[in-house]
Amino acid sequence: MQEPLGQTGTEQVAVGREPVLRLTWTDRRTEARGYLVVHTLRSGIATGGTRMRAGCTLGEVEDLARGMAAKTAAFDLPVGGAKGGIDFDPKDPRAFGVLQRFMAAMRPWIEAHWVTAEDLGVPQHLVDEVFASLGMGQSYHSAIRRSADPARTMERVHKGLNAQVPGGLLGDVIGGYGVAHACLGAAKSFGWAVEHTTVAIQGIGTMGGGAAWYLHEAGMKVVAVGDAAGTLYSPDGLDVPALLDLRDAYGEIDRTRLPAGVAQLPRAAVVGIPADVFVPAAISYAITPDNSYDVAAKVVVEAANAATTPEAEAMLAGRGVPVIPDFVANAGAAAWAWWLLLGWVGMEHNDVTTAEDSFRLLRTQMADKVGSLLAAWHSDRIPPRRTGLAMAVSDLDGTETTLVIP
């Protein structure tokens, strides 16, 4: 288990404090362990996904909950941060039952205080199946029930999540869209032409796949993607849409049908691919002191939660490689979900469609935030994480807010 991701000074006071709640659950049928950590409550509510992986620990979930608290504050959301985690193999045929029993055990918090969603190893459709089986309708249940008109809010959420856009359903790709615009914002800050900027992506599931799609659409050259089976590399750029079509349910690409000219490299090779931008979009703690010197990119954009350990991030900064932290770069899905709940998007004001409204707000906010983080880096070599936490610290002090859902 890595140390918490807090910083020093004022930021450490806000982010490094004790969480509101730690819960540990044991599944009597499989002996799987599950955890819920609520780091902050605002308006009596907290938000954060539920992950499942063999080896998941309470410390890991606590780190992720702390990151969610920073994420909601950085995007000015009137809610706190939490996270769920289950120590179990998501490919095990018993995984759905384990997830169902975990959610049933957490029901008192789900009913009143915790809004959850997909995360590593747990796709959103499984979360929704579990909630439906428990009679709670949708995983945003505890927020929707507070709405002035729950039925209307549920309809808005359902419509937004299922809006068809290039690349898939809006609810599936919006997080990757945000990561893509974090990368585009970094390129702009460094003065790189988009068409000459290269990117390597570790992980090609929901987040990494969405980022790859929208970067490819924007004209940035995706030269490498990595999944559990290895790294796929082409210095001239990969055919991203073709590769995405070859994915299975676990985000792994079928090697028997690869386009011509794609090199197959070891899984760890993606970290050291010579690219301008490296996007770790798979697992937490992907960049450690052991492999940080393998990073060949000029900037790291964290699409996975807690993708870089604090020690590795300091080592990268010492080499002149800034890290755009997860609580900014990958916050698109969480921020958008709350914008949708709060009616800030998806209301179709002035005949603007849900998708256009959502994309415009997210890319504008992401460009502003990434631009600010890297401006401080370029001028004073202040690590982007420190700048981001300083921007969010006023919201992380527990100030009470009022949640109003139309």
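The structure we're discussing is the one just above.
Residues numbered from 1 in each chain as written. Predicted model: local features only at pLDDT ≥ 70, side-chain atom pairs only at ≥ 80, totals over all residues. Heavy atoms only, no water.

**Considerations on the sheet that holds strand β13 (residues 277-280)**
With mixed pairing, the seven strands of this open sheet are ordered in space as β12-β11-β10-β9-β13-β14-β15. In the strand order of this sheet, the two ends are held by β12 (263-265) and β15 (323-324), each with one partner. Pairing geometry for strand β10 (residues 221-227) and strand β11 (residues 230-233), over four bridges, is antiparallel. Paired with V225 across the strands is L232, a residue of β11. Taken strand by strand, helix α8 (residues 170-190) contacts β13 and β14 (299-301), and its axis lies near 160° from that of β14. (Pairing = 2+ DSSP bridges. Helix = DSSP H or I, 4+ residues; strand = E, 2+ residues; numbered from the N terminus. Contact = heavy atoms within 4.5 Å. Axes fitted to C-alpha atoms, helices over the stretch in contact; angles between N-to-C directions.)

**Quick word on the packing of α8 against helix α9 (residues 206-218)**
Relative orientation of the contacting elements α8 and α9 amounts to 55°, with a least axis distance of 7 Å. Accordingly, the angle class assigned to the pair α8 and α9 is oblique. Note on packing geometry: the crossing formed by α8 with α9 is right-handed. Between α8 and α9, the residues in contact are D172, V173, G175, G176, Y177, V179, A180, C183 and L184 and T206, M207, G210, A211, Y214, L215 and A218, respectively. (Parallel < 35°, antiparallel > 145°, perpendicular 65-115°, else oblique. Left-handed = near helix turned anticlockwise from the far one by under 90°.)

**Examining empty space enclosed by the protein**
Tallying each qualifying case throughout the model produces two cavities of 30 Å³ or more. Size it by volume and the second largest cavity reaches roughly 40 Å³. Looking at the second largest cavity, the residues that line it are D63, L64, G67, M68, K83, N305, A306 and D326. Among the elements that make up the lining of the second largest cavity, the one with the highest residue count is helix α2 (residues 58-74) (four residues). (1 Å grid on protein atoms, 1.4 Å probe; cavity = no way out; pocket = protein on both sides within 12 Å on 5 of 7 lines; lining within 4 Å. Points joined across faces, edges and corners; volume = space filled by probe spheres on them.)

**What about α2?**
The terminal C-alpha atoms of α2, which comprises 17 residues, lie 24 Å apart, in line with the 24 Å expected from a rise of 1.5 Å per residue. Most of α2 is tucked away: 16 of the 17 residues are buried. Looking one or two places after α2, you find D76, whose phi comes out positive at around 55°. (Expected span 1.5 Å × (residues − 1). Buried < 20%, exposed > 50% of the residue type's maximum accessible area, 1.4 Å probe, protein only.)

**What about the side chain of S43?**
By the element assignment, S43 lies in the loop between β2 (33-38) and β3 (46-47). Look at S43 and you get buried, because its relative accessible area is 12%. Here P78 takes part through its backbone oxygen, which lies 3.0 Å from a polar atom of the side chain of S43. (Polar contact = N/O pair within 3.5 Å; in protein donor to acceptor, adjacent residues only side chain to side chain.)

**Describing the packing of aromatic side chains**
What the rule picks out here adds up to five aromatic pairs. Residues W25 and F102 carry aromatic rings whose centres are separated by 5.5 Å and whose planes lie at 65° to one another, so their mutual orientation is edge-to-face. Residue W25 is found in strand β1 (residues 21-26), and its partner F102 is found in helix α3 (residues 95-105); the two are separated by 77 residues along the sequence. Pair check on accessibility: W25 and F102 agree, each one buried. (Phe/Tyr/Trp six-rings, centres within 6.5 Å; stacked < 30°, edge-to-face > 60°.)

Fair warning: the whole summary comes from geometry, so function is off the table for now.
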